[in-house]
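The chain contents come next:
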Amino acid sequence: MQQLRADSSLFDFRTPETPFAGPPESYLVQMRGPGLWQPEGADRVLLREGHEILVRLGAAYPRMIPELVWRTPIFHPNISAHGAVCLGGYSTHWAPSLQLDELCAMLWDIARYANFDANSPYNRAAAHWVRTQTQFSFPIDPRPLRDRSMRGTGPRGLQASVSSPGPSSSANAPPSGLADTAVVEAELVFVDDPIVTAEIVAAEIVAADTRAEDGRQGDRSPVLYIR
């Protein structure tokens, strides 16, 4: 959890005091990001900033699923009006190997509507709204919970060894005349802008021939194509 806090600008937590020494029994998880809610008596669904979720581990944890209570207002098919959270298959077939930081990432995906199931709802009104609404595009926030580790060049910044992908369509192929694919070390840099969203699905680094103005062949420089 402490490493997740370091990797995220969106995540924080605190642990209520326990009467005995040992690991915390519960966590109060806080996420700084948008969610949706519907004020009582209102017809419109509105954006709301910030989430707070109580995670109680219980004496049987990790063999049994933690108790999850969403404490801030939220309008979501899989969260009840009282804050009970449905985790889909994990609710009935809990996996003791699921770490707390992974659970928090799942909760963030629920909050930003990257993860929802309108066919098995805890909130039927929200499920109906999801099927018919045209007001919002999902997810409402494109950032992963570990947003700090996806940018920058710190010790946990994303490093990748990019090699040639398999055959691709001509629409995505690099310009003709390029030399054979080379394998190099490259750093992937992500744009830190909420308006810009991109997903790297394939990357290819090739050596391109550069020619001087008089037509003679010049240096061969690496070019990174991202599709």
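Conventions adopted
Within any chain, residue numbers begin from 1 and follow the written order of that chain's sequence. Residues qualify for local features only when their pLDDT is at least 70, as the model is predicted, and side-chain atom pairs are given and counted only at 80 or more; totals for whole chains, interfaces and linings, by contrast, use all residues. Water and hydrogen atoms were dropped before computing side-chain values, which therefore reflect all heavy atoms in the structure. What pLDDT reports is the predictor's confidence in each residue, on a scale of 0 through 100. We call two residues in contact whenever any of their non-hydrogen atoms come within 4.5 Å of each other. The classification of residues rests on relative accessible area computed with a 1.4 Å probe and restricted to protein chains. Under 20% of the type maximum is buried, over 50% is exposed, and intermediate values are partly exposed. Secondary structure follows DSSP: runs of H or I at least 4 residues long count as helices, runs of E at least 2 residues long count as strands, and numbering of each begins at the N terminus. Should DSSP find at least two bridges between two strands, the strands are regarded as paired. To get an axis, fit a line to the C-alpha atoms, keeping to the stretch in contact for a helix; angles then go from 0 to 180 degrees between the N-to-C directions.

A. Just the confidence of the model for the chain, in detail. Counting all residues, the mean pLDDT for the chain is 76, and 64% of those residues have values of 70 or more. Low pLDDT, under 50, characterises residues 153-214; the stretch is placed with 103 contacts to residues that sit more than four places away or in other chains. The low-confidence segment residues 218-227, where pLDDT is below 50, has 43 contacts with residues more than four positions distant or belonging to other chains.

B. Summary view of the pairing of strand β4 (residues 67-70). Side chains Leu-68 and Trp-70 of β4 all project onto a buried face; the interleaved residues Glu-67 and Val-69 project onto a face where none is buried. One ladder, built from four bridges, connects strand β3 (residues 46-56) with β4; its direction is antiparallel. Within the sheet, the bridge partner assigned to Leu-54 lies in β4 and is Val-69.

C. The arrangement of the sheet that holds strand β1 (residues 11-14) in detail. Spatial ordering of the open sheet is given by β1-β2-β3-β4, a layout of four strands whose pairing is antiparallel. Of all strands in the sheet, those with a lone pairing partner are β1 and β4, marking the two edges. Sheet twist, expressed as the average angle between the axes of neighbouring strands with direction ignored, equals 25°. As judged from the four bridges shared by β1 and strand β2 (residues 26-37), these two strands associate in the antiparallel manner. Across the sheet, Asp-12 pairs through a bridge with Gln-30, a residue of β2. On the sheet, helix α3 (residues 100-111) packs against β1, β2, β3 and β4 and is oriented at approximately 20° with respect to β2.

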